[in-house]
Amino acid sequence: MLVASAGAAVVAVLVSLLEIKKRDPGGLPMNSEERTIQPVKKAPFCPFFRSPLSPTPTLEEVNAWAQSFDKLMLTPAGRNAFREFLRTEFSEENMLFWMACEELKKEANKNIIEEKARIIYEEYISILSPKEVSLDSRVREVINRNMVEPSQHTFDDAQLQIYTLMHRDSYPRFMNSTVYKDLLQSLSEKSVEA
């Protein structure tokens, strides 16, 4: 009887995790119908920016992204464009992990911190996750120690390692990609028309 009860609890947890996995860190459903949200009025439409929370960037913003990775990561539109690029390289989980860590840092409620830390661990750190990020063994050990009593800073070392990986590896390719070049050209043409 105790085994059946424990089995039911495990099933309930798995079902809730599956529901969570259907959502991105911002809590928006990830099915194909809802990925085509119409842009905010007054913001010109750009195919890379489908969310009303992330309007099309200005030409100045896009030019600033070429100056440094930090400038790219500072703007929601920059993160969104870079995330779209990472998706084409099958490494979107790096940006998703980084964004989830940023959200965790904003949280103050201990119970919510523990829950978010557990979800981040299961989504991006666990070797069983299809979205596992690439971390060295030292950082994994630090995370495992931190998970005993999670805080907003549980994943700081891992977040820095992934940020550095994106900066050194993916960012140079993004700057040479058609995603970036097409966006820059589109905005340049619109500014000439105006």
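Residues numbered from 1 in each chain as written. Predicted model: local features only at pLDDT ≥ 70, side-chain atom pairs only at ≥ 80, totals over all residues. Heavy atoms only, no water.

Draft legend 1. Representation of the overall build of the protein in the model. Within the protein, the regular secondary structure consists of nine helices and zero strands. For the protein, the sequential pattern of α-helices and β-strands runs α-α-α-α-α-α-α-α-α. Each of the 194 residues in the protein was classed as buried or not, and the buried ones make up 37%. Surface exposure of the protein reaches about 11,700 Å², of which carbon and sulfur atoms provide 60%. (Helix = DSSP H or I, 4+ residues; strand = E, 2+ residues; numbered from the N terminus. Buried < 20%, exposed > 50% of the residue type's maximum accessible area, 1.4 Å probe, protein only. Areas by Shrake-Rupley, 256 points an atom, 1.4 Å probe, with all protein chains shown as cover.)

Draft legend 2. Quick look at the pattern of salt bridges. Applying the stated rule across the entire model yields 15 salt bridges. Where aspartate 156 meets lysine 105, a salt bridge forms, and the shortest distance between an N and an O atom there is 3.9 Å. Taken together, the positions of aspartate 156 in helix α8 (residues 156–175) and lysine 105 in helix α5 (residues 92–106) put the pair 51 residues apart, joining distant regions of the chain. On the basis of relative accessible area, aspartate 156 is assigned to the partly exposed category, the value being 26%. Arginine 173 serves as the salt-bridge partner of aspartate 169, at 3.0 Å between the closest nitrogen and oxygen. In this pair, aspartate 169 and arginine 173 are both assigned in helix α8, four residues apart and thus about one turn of the helix distant. We classify aspartate 169 as partly exposed; its relative accessible area is 36%. Note on arginine 173: relative accessible area 36%, which makes it partly exposed. Here the salt bridges share partners, and the residues they tie into one network are Arg83, Glu84, Arg87 and Glu92. (Salt bridge = Lys/Arg side-chain N within 4 Å of Asp/Glu carboxyl O.)

Draft legend 3. Structural context of the nonpolar core. Core analysis: the biggest nonpolar cluster contains 39 residues, and Trp65, Phe82, Phe97, Phe155, Met166 and Phe174 have the highest contact counts within it. Sorting the residues of this core by element identifies α2 (59–65), α3 (69–74), α4 (76–88), α5, α6 (110–125), α7 (137–146), α8 and α9 (178–193) as the ones contributing at least two each. For methionine 166, the residues in contact, after removing those within four places along its chain, are Phe69, Met73, Phe82, Leu86, Asn94, Met95, Trp98 and Tyr171. (Core = buried A, V, L, I, M, F, W, Y, C linked by side-chain atoms within 4.5 Å. Contact = heavy atoms within 4.5 Å.)

Draft legend 4. Seen up close, the packing of aromatic side chains. Evaluation of the coordinates by the stated rule reveals 10 aromatic pairs. Ring centres of phenylalanine 69 and phenylalanine 82 lie 5.5 Å apart, and the angle between their planes is 70 degrees; on these two criteria the pair is classed as edge-to-face. Taken together, the residues span a long stretch of sequence, with phenylalanine 69 in helix α3 and phenylalanine 82 in helix α4 at a distance of 13 residues. Given the relative accessible area of 1%, phenylalanine 69 is considered buried. Taking 6.0 Å as the distance between ring centres and 35 degrees as the angle between the ring planes, the aromatic pair formed by tryptophan 98 and tyrosine 163 counts as tilted. Here tyrosine 163 lies in helix α8 and tryptophan 98 lies in helix α5, a separation of 65 residues in the sequence. Of the residues examined, tryptophan 98 reaches a relative accessible area of 11% and is grouped as buried. Note on tyrosine 163: relative accessible area 17%, which makes it buried. Here the aromatic cluster, defined as three or more aromatic residues joined through ring pairs, consists of Phe69, Phe82, Phe85, Trp98, Tyr163, Tyr171, Phe174 and Tyr180. (Phe/Tyr/Trp six-rings, centres within 6.5 Å; stacked < 30°, edge-to-face > 60°.)

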